[in-house]
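# A closer look at the structure
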Amino acid sequence: MNNELLQEIDNNNFFSDFLLFLSTLKEKGGLQLTIKGNLQRKEIDYFGHAFKVDIYHRDREGKIMWPIYREDEVPHLKRIRLMCKVMYLTYQRKGKLLLSKNGKGYLTNIDKQTQYEQMILWYFHRCNWGYMHYYLDDLAKLFQDNQPILWRQLLSQKDNWIDFKKYVEGIRLYFHLNDKGEFSDRVEWVVERVIVKDLELYGLMETKSVLGKYGKIIQSLKLTKLGEHMLTKF
């Protein structure tokens, strides 16, 4: 892997937080869980300040608007825990979340490139996208089951910026999807969250957006060099 790709891996905040979570388990000898098997509030607070991805809702001045009490309020943390579990890097015993033998090997025996590649490939192949996006599970499953088609199309346009609206329309036509109402478009919503924003989260895609009434509106998208590498490897 060349230096440009290694730099993109180093710059990916999700991967950095993923490693931080595992390293914290190693350093602390595990984390005590609640009766329901969730992280305790003190641990959530710790990761909230240590993570590079901001887990809090903030006002325009950057102040935290309200505290977080439960793990299920933090999708970023739940995603990391799910991926660690699916990769067999962690396990639970006697009310604690512990680093497994595989987890220790993952942290100490392989280089950063391999760590990143394994994380992404396990996400592609073994993580349940429908579980990660439980409110969009039907289309999330459809997209996960048809990754080769989706990734080949993106790779065919790897040198070009792709218009987001046209990208959504192409997916709608290919899969014969029709969920477009007068005031909402569920297909567009799912494509944005399950494909575009997830790939962007892992550093595989970049987007251009404009500020709309209710937040940023994606205008176009393009694979990063890291995205080309990983989709080709898939």
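Below, the structure is looked at part by part. What you see is a predicted model, and the numbers here were worked out from it, not measured in a lab.

Reading guide: rules and limits
- Residues numbered from 1 in each chain as written.
- Predicted model: local features only at pLDDT ≥ 70, side-chain atom pairs only at ≥ 80, totals over all residues.
- Heavy atoms only, no water.
- Helix = DSSP H or I, 4+ residues; strand = E, 2+ residues; numbered from the N terminus.
- Rg over C-alpha atoms; globule rule 2.2 N^0.38 Å.
- Buried < 20%, exposed > 50% of the residue type's maximum accessible area, 1.4 Å probe, protein only.
- Salt bridge = Lys/Arg side-chain N within 4 Å of Asp/Glu carboxyl O.
- Pairing = 2+ DSSP bridges.
- Patch = residues over 30% accessible without salt bridge, like charges linked within 9 Å, V, L, I, M, F, W, Y side chains within 5 Å.
- Areas by Shrake-Rupley, 256 points an atom, 1.4 Å probe, with all protein chains shown as cover.
- Core = buried A, V, L, I, M, F, W, Y, C linked by side-chain atoms within 4.5 Å.
- Contact = heavy atoms within 4.5 Å.
- Axes fitted to C-alpha atoms, helices over the stretch in contact; angles between N-to-C directions.
- Parallel < 35°, antiparallel > 145°, perpendicular 65-115°, else oblique.
- Left-handed = near helix turned anticlockwise from the far one by under 90°.
- Nonpolar A, V, L, I, M, F, W, Y, C, P; charged D, E, K, R; others polar.
- Phe/Tyr/Trp six-rings, centres within 6.5 Å; stacked < 30°, edge-to-face > 60°.
- Lys NZ or Arg CZ within 6 Å of the ring centre and 35° of its normal.

## Notes on the overall build of the protein chain
Counting secondary structure elements, the protein chain contains 12 helices and six strands. Here the protein chain has a C-alpha radius of gyration of 19 Å; the compact-globule value for 234 residues is 17 Å, and the two agree. Based on the C-alpha atoms only, the size of the protein chain along its principal axes is roughly 50 × 40 × 35 Å. When each of the 234 residues of the protein chain is scored for burial, the buried share is 44%.

## Regarding the pattern of salt bridges
Scanning all chains against the criterion turns up 17 salt bridges. The shortest N-O distance in the salt bridge between Asp54 and Arg58 comes to 2.5 Å. When its relative accessible area of 41% is taken as the criterion, Asp54 is described as partly exposed. Looking at Arg58, the relative accessible area reads 36%, which means it is partly exposed. In this structure, a network of salt bridges that share partners links the residues Arg70, Asp72 and Glu73.

## A word on the pairing of strand E6 (residues 215-223)
The sheet contact formed by strand E4 (residues 162-163) and E6 spans two bridges and is antiparallel. Counterpart to Ile162 in the pairing with E6 is Leu221. Bridge analysis of strand E5 (residues 205-212) against E6 gives eight bridges, and the strand direction is antiparallel. In the sheet register, Met205 faces E6, and the bridge partner there is Leu223. Between E5 and E6, which pair antiparallel in sequence order, lie two residues.

## Let's talk about unusual backbone geometry
The phi torsion at Tyr88 lies on the positive side, around 60°, for a residue other than glycine. On the secondary structure map, Tyr88 appears in the loop between helix H4 (75-86) and strand E2 (90-93). Here Tyr88 falls in the partly exposed class, since its relative accessible area comes to 46%.

## Quick word on a nonpolar patch on the surface
The grouping of Tyr134, Tyr135 and Trp189 at the surface amounts to a nonpolar patch, some 380 Å² of accessible area in total. Assignment of secondary structure puts Trp189 in helix H11 (residues 186-201).

## Description of the environment of Leu22
On the secondary structure map, Leu22 appears in helix H2 (residues 13-28). Judged by its relative accessible area of 0%, Leu22 is buried. Each C-alpha atom of the pair Leu22 and Lys104 lies 8.6 Å from the other, and the pair is 82 residues apart in sequence.

## A closer look at the nonpolar core
Of all hydrophobic cores here, the largest spans 70 residues; its most connected members are Phe18, Tyr116, Met119, Phe143, Leu154 and Val191. Apart from residues lying up to four places away in sequence, Met119 is in contact with Phe14, Phe15, Phe18, Met83, Met87, Tyr106 and Tyr202.

## Section: the packing of helix H6 (residues 112-125) against helix H12 (residues 225-233)
Where H6 meets H12, the closest approach of the two axes is 11 Å, and the angle between their N-to-C directions is 60°. Accordingly, the angle class assigned to the pair H6 and H12 is oblique. Regarding H6 and H12, the two cross each other, and that crossing is right-handed. Where H6 abuts H12, its residues Tyr116, Glu117, Ile120, Leu121 and Phe124 lie against Leu226, His229, Met230, Leu231 and Lys233. Residue classes in the contact of H6 with H12 are distributed as seven nonpolar, one polar and two charged.

## Some points on the sheet that holds strand E3 (residues 96-99)
If you trace the three strands from one edge of the open sheet to the other, you get E1-E3-E2, paired in antiparallel fashion. If you trace the sheet from one side to the other, it starts and ends with strand E1 (31-32) and E2, each paired once. Bridge count between E1 and E3: two bridges; the pairing is antiparallel. Bridging across to E3, Gln32 finds its partner in Lys96. Across the sheet, H2 lies against E1, E2 and E3, angled at about 100° from E3, the strand it touches most.

## A short note on the packing of aromatic side chains
Going through the model one piece at a time under the given rule, you end up with 18 aromatic pairs. Between Phe124 and Trp151, the aromatic rings sit 5.5 Å apart at their centres with planes inclined by 45°, giving tilted as the arrangement. Of the two residues, Phe124 is situated in helix H6 and Trp151 in helix H9 (residues 147-156); the sequence distance between them amounts to 27 residues. These aromatic residues form a ring-pair network of at least three members: Phe14, Phe18, Tyr106, Tyr123, Phe124, Trp129, Trp151, Tyr202 and Phe234. Over the aromatic face of Tyr46 sits the side chain of Lys28, whose NZ or CZ is 4.2 Å from the ring centroid. The cationic tip of Lys208 hangs over the ring face of Trp161; the distance from NZ or CZ to the ring centre is 4.4 Å.

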